[in-house]
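Reading the structure
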Amino acid sequence: MKIKADLLRTLLYDAVSALENGRADAMLRVLQVKAAAGETATEVTDLAMRVCGGAAFRKEVGVERNFRDARASTVMAPTADMLYDFIGKALTGMPLFG
């Protein structure tokens, strides 16, 4: 879980740097972070639920809430599938919207 969170943090920092410095790949990095964040949150909270076992379902532990919140990224727009489409367009020089 730590490795996945650290990988995502590195991608996030690069996206922020791209935005701050006006790099040409800034929009691509933002799309990548959004897609990766949703998937990483889902993976990490799934692992947390498994590690914690039955205790993970106790509200005062807080794991189940994070688990449910992470799942929202899979159904709320833009979904990961939409983001992958945008990323593909950005990589191939196609307009993102339209």
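Let us look at the structure shown here. Residue positions are given per chain, counted from 1 along the sequence in the order it is written. In keeping with the model being predicted, local features are shown solely for residues with a pLDDT of at least 70 and side-chain atom pairs are shown and tallied solely at 80 or more, while totals for entire chains, interfaces and linings include all residues. As a rule here, side-chain values cover all heavy atoms of the structure and leave hydrogens and water aside.

**Here we look at the side chain of T40**
Turning to its location among the elements, T40 is positioned in helix α2 (residues 26–52). The buried category is assigned to T40, whose relative accessible area is 14%. What T40 contacts, discounting residues up to four positions off in sequence, is K4, A5 and L8. Helix and strand definitions follow DSSP, with helices as H or I runs of at least four residues and strands as E runs of at least two, each counted in order from the N terminus. Here's how the labels work: a residue is buried when its accessible area is under 20% of the maximum for its type, exposed when over 50%, partly exposed in between, all with a 1.4 Å probe on protein chains only. Contact between two residues is taken to exist if any of their heavy atoms lie within 4.5 Å; hydrogens are not considered.

**Overview of the side chain of T79**
Its place among the elements puts T79 in the loop between α3 (63–75) and α4 (80–92). Overall, the relative accessible area of 19% leaves T79 in the buried class. Setting aside chain neighbours within four positions, we find T79 in contact with S73 and T74.

**As for the packing of helix α1 (residues 2–20) against α2**
Note on definitions: angles span 0 to 180 degrees between N-to-C directions of axes, and those axes are lines fitted to C-alpha atoms, for helices only across the stretch in contact. At a closest axis distance of 9 Å, the pairing of α1 and α2 adopts a crossing angle of 160°. By the criterion of interaxial angle, the relationship of α1 to α2 is roughly antiparallel. Note that α1 runs across α2; the crossing there is left-handed. The residues of α2 that touch α1, namely those facing K4, A5, L8, L11, L12, D14, A15, A18 and L19, are A26, R29, V30, Q32, V33, A36, A37, T40, E43 and V44. In this count, Pro and Cys sit with the nonpolar residues alongside Ala, Val, Leu, Ile, Met, Phe, Trp and Tyr, while Asp, Glu, Lys and Arg are called charged and the others, Gly among them, polar. Looking at side-chain class alone, the contact of α1 with α2 contains 13 nonpolar, two polar and four charged residues. The labels follow the angle: roughly parallel below 35 degrees, roughly antiparallel above 145, roughly perpendicular from 65 to 115, and oblique for the rest. Less than a right angle of anticlockwise turn of the near helix away from the far helix marks a crossing as left-handed, whereas a clockwise turn marks it as right-handed.

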